[in-house]
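Read off the chains here:
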Amino acid sequence: MHYRKFSTYLRQTYGEKVYKIPISLDGTCPNRDGTVGVGGCTICSEGGIGFELHHAAKPIAEQLRLNKNHILNKYRASKYIIYFQNYTTTYRDTVEIVDLITQVDGEDVVEIALSARPDTLSDELLATLAAYPKKIVLEMGVQLFNDKLLTEINRGHDVAPVLDAFERINHYGLTTCVHLILNLPGATMDDTLQAVAILNRYGIERVKLHSLYIPKGSAIAQQYLAGELEMIGPMDYYDRLEEFIKRAHPDMIIERLFARAPETDSLFCNWDRSWRFLQNEFERRLEDKQIYQGEMYQA
Ligand code: SF4
């Protein structure tokens with residue numbers, strides 16, 4: 001295996017294939033409601049980040065039932081990860097978050113994932129989540145560790161609170177899945193190398209590498225249409241993935257290499273190819289070049 005795939009990890013850990021069920025909540029985030037910013041990140045669409053949502057207007061129990069039935073009928077699934085995906089799930093009172101978790105938890109649920117921003121993770125919340133008797137994963141959109149680029153996408157925080165959050169999450173023994181966009185406009189290979197070094201340093205368990213997608217109606221869509229964005233091609237993106245994988249800790253779980261956004265919702269995604277096509281092509285490249293995760297890892 002050239003890199004540590006999430007599907008492999010799940011099979012090894014839970015003994016069978018595990019399916020993710022997205023749950024959609026009404027909500028917002030501090031970068032949209034004026035607490036730290038308005039309008040949100042330039043890469044954010046009106047519904048918040050998260051495209052795999054179904055039955056958004058329905059109560060949680062109904063969403064759970066519909067999504068489970070759909071997956072059960074299609075795949076005969078029996079184990080699930082519940083993912084509260086859109087906006088910032090952790091931007092709520094601790095009591096409310098625990099209530100959400102308990103509403104979806106069950107014997108067939110192996111993990112619960114919560115979308116998170118570093119500025120919404122109080123010690124009280126982290127301690128409470130750590131005490132919960134099931135694995136909780138904080139899905140944190142970091143994008144890159146570059147203050148200038150974070151300002152350009154109107155992230156509403158710089159790198160410092162991300163690192164502080166990593167330290168505190170580690171202190172409480174919780175799991176982080178960091179989301180990165182290695183081809184954010186203006187980013188270079190140095191940003192990729194810096195990102196993997198930081199993830200290694202903090203012992204981050206999981207990463208989702210998203211290629212840039214441009215949601216219709218977003219602020220970045222206007223920049224894209226005006227020709228203002230510095231975009232790289234797929235081969236340059238492959239180069240960045242390769243260098244990331246070579247340097248990643250051998251145990252780091254790589255959940256994703258490319259964005260998965262529906263064509264109808266985006267102006268640009270994956271250079272007009274499917275993520276499966278790109279993943280297959282990239283994996284052949286790893287095989288041809290005999291590249292393995294961690295071969296250049298440095299403690
Ligand atoms: S933090 Fe997430 S939900 Fe909030 S504006 Fe940025 S991408 Fe959207």
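The written sequence of each chain sets the order in which its residues are numbered from 1. With the structure being a predicted model, the display of local features is reserved for residues of pLDDT at least 70 and the display and counting of side-chain atom pairs for 80 or more, all residues being used for whole-chain, interface and lining totals. Hydrogens are left out, water is left out, and the side-chain values use all remaining heavy atoms of the structure.

Draft legend 1. How the structure looks around the overall build of the chain. Counting from the N terminus, the helices are DSSP H or I runs at least four residues long and the strands are E runs at least two residues long. Counting its regular elements, the chain contains 10 helices and nine strands. Counting only residues that meet the buried cut, the chain has 53% of its 299 residues in that class. The contact rule is simple, with two residues in contact once any of their heavy atoms fall within 4.5 Å. Across the chain, every contact between residues at least 6 apart in sequence was considered, and the portion connecting residues at least 24 apart equals 80%. For the chain, the computed accessible surface area is about 13400 Å², with 49% contributed by carbon and sulfur atoms. Categorising residues by exposure relies on relative accessible area from a 1.4 Å probe, with only protein chains included: less than 20% of the type maximum marks a residue as buried, more than 50% marks it as exposed, and the intermediate range marks it as partly exposed. Exposure was quantified through the Shrake-Rupley algorithm and a 1.4 Å probe, taking into account, for residues, occlusion by the shown protein chains and nothing else.

Draft legend 2. Layout of the pattern of salt bridges. The working definition used for a salt bridge is a side-chain nitrogen of Lys or Arg within 4 Å of a carboxyl oxygen of Asp or Glu. For the coordinates displayed, the defined rule picks out 23 salt bridges. The partner of R92 in a salt bridge is E96, and the shortest N-O contact between them spans 3.3 Å. Note that K135 and E205 form a salt bridge whose closest N and O atoms lie 3.2 Å from each other. On the criterion of sequence distance, the pair formed by K135 in strand β4 (residues 135–143) and E205 in the loop between α7 (189–201) and β6 (206–209) is long-range, its members being 70 residues apart. Three or more residues are tied together by salt bridges with common partners; here these are K20, E111, K135, E139, E205, R206, K208 and E255.

Draft legend 3. Expanded view of the environment of R240. Locating R240 in the fold gives a position in helix α9 (residues 234–247). Of the residues examined, R240 reaches a relative accessible area of 8% and is grouped as buried. R240 sits 52 residues away from T188 along the chain, and the two C-alpha atoms are 8.7 Å apart. Setting aside anything within four residues of it in sequence, one finds R240 in contact with L182, N183, A187, T188, M189, T192 and I232.

Draft legend 4. A look at the sheet that holds strand β5 (residues 175–180). When DSSP finds at least two bridges between two strands, those strands are taken to pair. With parallel pairing, seven strands are arranged side by side in an open sheet as β1-β2-β3-β4-β5-β6-β8. Two strands close off the open sheet at either side, each with one partner strand: β1 (19–23) and β8 (253–256). Between one strand axis and the next, the sheet turns through 25° on average, direction left out of account. As paired strands, β4 and β5 are joined by six bridges and run parallel to one another. Bridge pairing links V137 to T175 in β5. Geometry is summarised by axes, namely lines fitted to C-alpha atoms with helices restricted to the contacting stretch, and by angles between N-to-C directions that run from 0 to 180 degrees. Sitting on the sheet, helix α2 (residues 60–75) touches β1 and β2 (80–84), and the angle it makes with β1 is about 155°. Along the sheet face, α9 touches β5, β6 and β8 and points at about 170° away from the line of β6.

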